[in-house]
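Chain residues, written in single-letter form:
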Amino acid sequence: MKAFLFDLDGVLVDTANYHFLAWSKVCDALEISFSKIDNERLKGIDRRNSLRILLKIGNKELNENDFEYWLVEKNKVYLEMIKQLDRTALFNGVIPLFEKLKEKNIKIGLGSASKNAKLILSRLEITDYFDCIVDGNMTTQGKPDPQVFLLNASRLGVNVEECAVLEDSKAGIDAAITANMKAIGIGSDQSIKHADVVYQAIENIELDAVLELFEE
Ligand code: BG6
Ligand code: MG
């Protein structure tokens with residue numbers, strides 16, 4: 001393994017829940033009923049496609065202006081919710097994993113659909129750990145398209161077969177598999193069971209077991 005690529009929301013920090021809460025507000029206003037189960041379908045999906053999925057769920061249509069309005073509105077609500085975010089919000093185990101990867105000379109990348117990724121990394125004070133950051137401002141295709149991870153591999157100068165991807169979403173695991181990278185799932189949702197290995201939380205990751213995946 002030459003590179004370890006991290007998703008952000010729901011992997012390094014619990015912002016996945018803030019995305020859910022912010023979309024819930026939008027859905028209330030648009031009279032769309034939206035549950036935590038529906039939300040699994042939005043994980044890893046960029047903002048624009050998330051709203052498209054929600055409109056389908058609610059069987060609603062918006063004209064172009066209103067569509068753009070609710071995209072901006074959702075982000076306003078989301079940014080307000082994460083205003084207090086700081087280093088203490090990092091999931092347990094993140095920094096020790098970064099340190100172990102550095103020790104082993106394994107490159108660290110970020111592959112996130114979020115346009116707020118750099119802001120969040122800086123609030124969490126972990127920007128400097130990353131050898132490469134690819135976010136939602138730098139891609140034209142969202143997950144499950146593998147672009148965000150392929151761009152990491154090419155920027156880092158490593159083969160896709162030498163990369164592991166850590167993801168909490170079905171879209172992200174699918175993107176990793178399509179990229180020909182090892183897919184590591186985080187969480188307990190059924191939708192990520194097809195990953196190469198799944199851990200309950202980032203603090204449970206056994207790096208040696210992940211390295212063994214590359215020897216098979
Ligand atoms: C992903 C989240 O990381 O980023 C999605 O899992 C979110 O829920 C997407 O829609 C885009 O995020 P942002 O911050 O650009 O709205
Ligand atoms: Mg995620």
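Everything below is about the structure shown above.
First, a word on what this report is: a plain description of the structure on this page. (Residues numbered from 1 in each chain as written. Chains lettered and ligands numbered in written order. Predicted model: local features only at pLDDT ≥ 70, side-chain atom pairs only at ≥ 80, totals over all residues. Heavy atoms only, no water.)

Describing the pattern of salt bridges
Then step 1. This structure, assessed with the given rule, holds nine salt bridges.
Then step 2. Residue glutamate 40 pairs with lysine 43 through a salt bridge whose shortest N-O separation is 3.0 Å.
Then step 3. Of the charged contacts, one joins aspartate 131 and lysine 102 as a salt bridge, the two residues approaching to 3.9 Å between their closest N and O atoms. With aspartate 131 in the loop between helix H6 (117-124) and strand S3 (132-134) and lysine 102 in helix H5 (residues 94-103), this pair connects stretches of sequence that are 29 residues apart.
Then step 4. For aspartate 131, a relative accessible area of 42% puts it in the partly exposed group.
Then step 5. Put simply, Asp7, Lys143 and Glu167 are held in one network by salt bridges that share partners. (Salt bridge = Lys/Arg side-chain N within 4 Å of Asp/Glu carboxyl O. Helix = DSSP H or I, 4+ residues; strand = E, 2+ residues; numbered from the N terminus. Buried < 20%, exposed > 50% of the residue type's maximum accessible area, 1.4 Å probe, protein only.)

Quick notes on the coordination of the magnesium ion (ligand 2)
Reference geometry at the metal: tetrahedral coordination by four donors gives ideal angles of 109.5 degrees; octahedral coordination by six donors gives 90 or 180 degrees.
Then step 1. For the magnesium ion (ligand 2), the full set of protein donor atoms is Asp7 (OD), Asp9 (O) and Asp168 (OD), at a range of 2.1 to 2.2 Å.
Then step 2. In the primary sequence, the donor residues of the magnesium ion (ligand 2) line up as D-x1-D-x158-D. Of this pair, aspartate 7 sits in the loop between strand S1 (3-6) and helix H1 (15-30) while aspartate 168 sits in the loop between strand S4 (163-167) and helix H8 (170-178), placing them 161 residues apart in sequence.
Then step 3. For aspartate 7, a relative accessible area of 5% puts it in the buried group.
Then step 4. Residue aspartate 168 is classed as buried on the basis of its relative accessible area, which comes to 9%. (Donors = N, O, S within 2.8 Å, 3.2 Å for Na, K, Ca; no water.)

Brief notes about unusual backbone geometry
Then step 1. In this structure, proline 144 follows lysine 143 across a cis peptide bond, with omega equal to 15°.
Then step 2. Residue placement: proline 144 occurs in the loop between S3 and helix H7 (147-156).
Then step 3. Although it is not a glycine, asparagine 105 adopts a positive phi angle of roughly 60°.
Then step 4. Inspection of the secondary structure puts asparagine 105 in the loop between H5 and strand S2 (107-111).
Then step 5. Owing to a relative accessible area of 69%, asparagine 105 belongs among the exposed residues under this scheme.

A look at the site of ligand 1
Then step 1. Around ligand 1 lies a shell of 14 residues, among which Asp9, Ile45, Ser114, Lys115 and Asn116 are the nearest.
Then step 2. The separation between an oxygen atom of ligand 1 and a polar side-chain atom of arginine 47 is 2.7 Å.
Then step 3. Here an oxygen atom of ligand 1 and a side-chain polar atom of asparagine 116 are 2.7 Å apart.
Then step 4. With the chains in place, 97% of the 400 Å² that ligand 1 exposes on its own is no longer accessible.
Then step 5. Here the residues of the shell around ligand 1 are counted per class, giving three nonpolar, five polar and six charged.
Then step 6. Residues lining the shell around ligand 1 come from more than one domain, with at least three contributed by each of domain 1 (3-13 + 90-215) and domain 2 (16-84). (Near = heavy atom within 4 Å. Polar contact = N/O pair within 3.5 Å; in protein donor to acceptor, adjacent residues only side chain to side chain. Areas by Shrake-Rupley, 256 points an atom, 1.4 Å probe, with all protein chains shown as cover. Nonpolar A, V, L, I, M, F, W, Y, C, P; charged D, E, K, R; others polar. Domains from an automatic or database assignment.)

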